[in-house]
Amino acid sequence: MVLPNLKLDDRFSYADYLTWDDGQRWELIDGQAYCMTPAPNRRHQAWLGELHRQFSNHLIDKPCQVYLAPFDVRLPDAPEDGDDETITVVQPDIVVVCDHGKLDDRGCKGAPDLVVEILSPSTSKRDITVKYELYQRHGVTEYWLFYPNEKLLQLYRLGEDGRYGSPQAFGPEDQVAVSLLGELVIDLTRVMKE
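About the cut-offs
- Residues numbered from 1 in each chain as written.
- Predicted model: local features only at pLDDT ≥ 70, side-chain atom pairs only at ≥ 80, totals over all residues.
- Heavy atoms only, no water.
- Helix = DSSP H or I, 4+ residues; strand = E, 2+ residues; numbered from the N terminus.
- Expected span 1.5 Å × (residues − 1).
- Contact = heavy atoms within 4.5 Å.
- Polar contact = N/O pair within 3.5 Å; in protein donor to acceptor, adjacent residues only side chain to side chain.
- Salt bridge = Lys/Arg side-chain N within 4 Å of Asp/Glu carboxyl O.
- Buried < 20%, exposed > 50% of the residue type's maximum accessible area, 1.4 Å probe, protein only.

K.L.:
How would you summarise helix α2 (residues 42-58) if you had to cite specific residues and measurements?
P.N.:
Between its first and last C-alpha atoms α2 spans 25 Å; for 17 residues at 1.5 Å apiece the expected length is 24 Å, and the two agree. Those residues of α2 hidden inside the fold are in contact with β3 (65-68), β6 (94-97), β9 (114-118), β10 (142-147), β14 (185-187) and α4 (188-191). The opening residue of α2 is N41, an N-cap whose side-chain oxygen sits 3.2 Å from the backbone nitrogen of R43.

K.L.:
Give me the lowdown on the pattern of salt bridges, citing residues and values where you can.
P.N.:
This structure, assessed with the given rule, holds 10 salt bridges. Note that D83 and R106 form a salt bridge whose closest N and O atoms lie 2.8 Å from each other. Here the residue D83 occupies a position in the loop between β4 (73-74) and β5 (89-90), and R106 occupies one in the loop between β7 (103-104) and β8 (107-109), the gap between them amounting to 23 residues. Looking at R106, the relative accessible area reads 35%, which means it is partly exposed. The salt bridge involving E117 is made with K131; its shortest N-O contact spans 2.9 Å. Taken together, the positions of E117 in strand β9 and K131 in helix α3 (residues 124-138) put the pair 14 residues apart, joining distant regions of the chain. In terms of burial, E117 and K131 fall into one category: buried.

Structure follows, in structure tokens:
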């Protein structure tokens, strides 16, 4: 499939997505295609690397696993949906998955336990609004939104009602206890040092 002819109002499935070979990174949200280029800036990548290092070091020999983009997260509307019926596949900056039954050679099928997005100018509106609703609807337990320009983390936790409550806000001097992962504490002084 040659994607320059892609129309933004077209609807696609994960099966379509698997045929795209234009060298770009794409996401599908409810069947709509979003191009993930241009590449993130240096600060984004530095924060991503440090966050991944802290998660990864903590999770050595533990049941949960951490992955960083590009890593496909398929969010089918029903567990039995196949590639043709699945119309949402995203590539969050970081995901933590504790249910190994959701992992396969193509990534994750079903909601990760934790998702981290570091805002970029080209994706920030989608991360703040569309993906917030998407992750809430699919039951992602924690959604972390990093604002690099403001040096701010907003952390959303899923409540018993299946909705995200008011976010907790953290700055560059804070430590974030990740109750979902036991004793893990993310040191934001190391993440936001630039």
